[in-house]
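Below are the chains, spelled out letter by letter.
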Amino acid sequence: MSTVKPKHIGRNISRIRELRDMKQEALAIAIGTNQQSISIIEGSESVDEEKLKKIAEALGVTPEVIKNFSEDAVFNMIGNTYNDNASSAINLGCTFNPIDKLIESYEENKKLYQQLIQAEKEKVALLEKLLDKK
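Residues numbered from 1 in each chain as written. Predicted model: local features only at pLDDT ≥ 70, side-chain atom pairs only at ≥ 80, totals over all residues. Heavy atoms only, no water.

Visitor: Quick rundown of the overall build of the protein? Include the residues and the values.
Guide: In terms of regular secondary structure, the protein is built from seven helices and zero strands. In the protein, the succession of α and β elements from N to C terminus is α-α-α-α-α-α-α. Expressed as a percentage of its 134 residues, the buried residues of the protein come to 17%. When the accessible surface of the protein is totalled, it reaches about 10800 Å², and 54% of it is carbon and sulfur. (Helix = DSSP H or I, 4+ residues; strand = E, 2+ residues; numbered from the N terminus. Buried < 20%, exposed > 50% of the residue type's maximum accessible area, 1.4 Å probe, protein only. Areas by Shrake-Rupley, 256 points an atom, 1.4 Å probe, with all protein chains shown as cover.)

Below is the structure:
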């Protein structure tokens, strides 16, 4: 009798998030929750379908990718992509400009903060409107 260990969905979410270079807090904001909830989700063996869909969308993958994620497959793909043929030279150096990545990250964060500030301004305006009615 063999037992098949079920996939740990939370761990898969964590690994995909890390591969996307995304912090728990950023994922939390993207799905409308807090960092502690993401930590709990990533520690869970299973996640309900609706939450999984939101997380998958925020990570830019499908729920099936999360369910079927395998680090072995990732390493296998990398191994097959960077084969060691004598006739080919492999450049494992940096293939991007780190400063460009910093600027790109800054611009993305700037947009996110602007959206958060706008949402807070709208809340304040609504509260002021409600106070004026009293």
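Having put the structure on the table, let's press on.
Visitor: Tell me what's going on with unusual backbone geometry, and back it up with residues and numbers.
Guide: Of note in the backbone geometry, aspartate 21 takes a positive phi value of approximately 60 degrees without being a glycine. Mapped onto the elements of the fold, aspartate 21 is located in the loop between α1 (9-19) and α2 (24-31). Here aspartate 21 falls in the exposed class, since its relative accessible area comes to 71%.

Visitor: Before we move on, can you summarise the pattern of salt bridges with the specific residues and values?
Guide: Tallied over the full model, the rule gives four salt bridges. With a shortest N-O distance of 2.6 Å, glutamate 18 and arginine 15 are connected by a salt bridge. One end of the pair, glutamate 18, and the other, arginine 15, are both in helix α1, three residues apart, so they sit about a helical turn from each other. Its relative accessible area of 39% is what places glutamate 18 among the partly exposed residues. Between glutamate 120 and lysine 123 there is a salt bridge whose closest N-O contact spans 3.3 Å. Separated by three residues within a single helix, glutamate 120 and lysine 123 lie in helix α7 (residues 98-133), roughly one turn from each other. We classify glutamate 120 as partly exposed; its relative accessible area is 43%. (Salt bridge = Lys/Arg side-chain N within 4 Å of Asp/Glu carboxyl O.)

Visitor: Before we move on, can you summarise the confidence of the model for the protein with the specific residues and values?
Guide: Atomic detail in the predicted coordinates should be set aside for any region of low pLDDT. Looking at the protein as a whole, the pLDDT averages 82, with 78% of positions reaching at least 70. When mean pLDDT is taken per element in the protein, helix α3 (residues 35-42) scores highest with 95 and helix α6 (residues 71-81) scores lowest with 61. (pLDDT = per-residue confidence, 0-100.)

Visitor: Before we move on, can you summarise α1 with the specific residues and values?
Guide: Within the sequence span of α1, burial applies to Ile9, Gly10, Asn12, Ile13, Ser14, Ile16 and Arg17. Tucked inside the fold, the buried residues of α1 contact α2, α3, α4 (49-59) and α5 (63-68). Just past α1, the residue aspartate 21 takes up positive phi, approximately 60 degrees. (Contact = heavy atoms within 4.5 Å.)

Visitor: Please give an account of the packing of α1 against α4 that cites residues and values.
Guide: At a minimum axis separation of 11 Å, α1 and α4 run at an interaxial angle of 15 degrees. As far as their axial angle goes, α4 and α1 are roughly parallel. By crossing handedness, the relation of α1 to α4 is classed as left-handed. Contact residues: Ile9, Ile13, Ile16 and Arg17 in α1; Leu52, Ile55 and Leu59 in α4. Tallied by class, the residues present in the contact of α1 with α4 amount to six nonpolar, no polar and one charged. (Axes fitted to C-alpha atoms, helices over the stretch in contact; angles between N-to-C directions. Parallel < 35°, antiparallel > 145°, perpendicular 65-115°, else oblique. Left-handed = near helix turned anticlockwise from the far one by under 90°. Nonpolar A, V, L, I, M, F, W, Y, C, P; charged D, E, K, R; others polar.)

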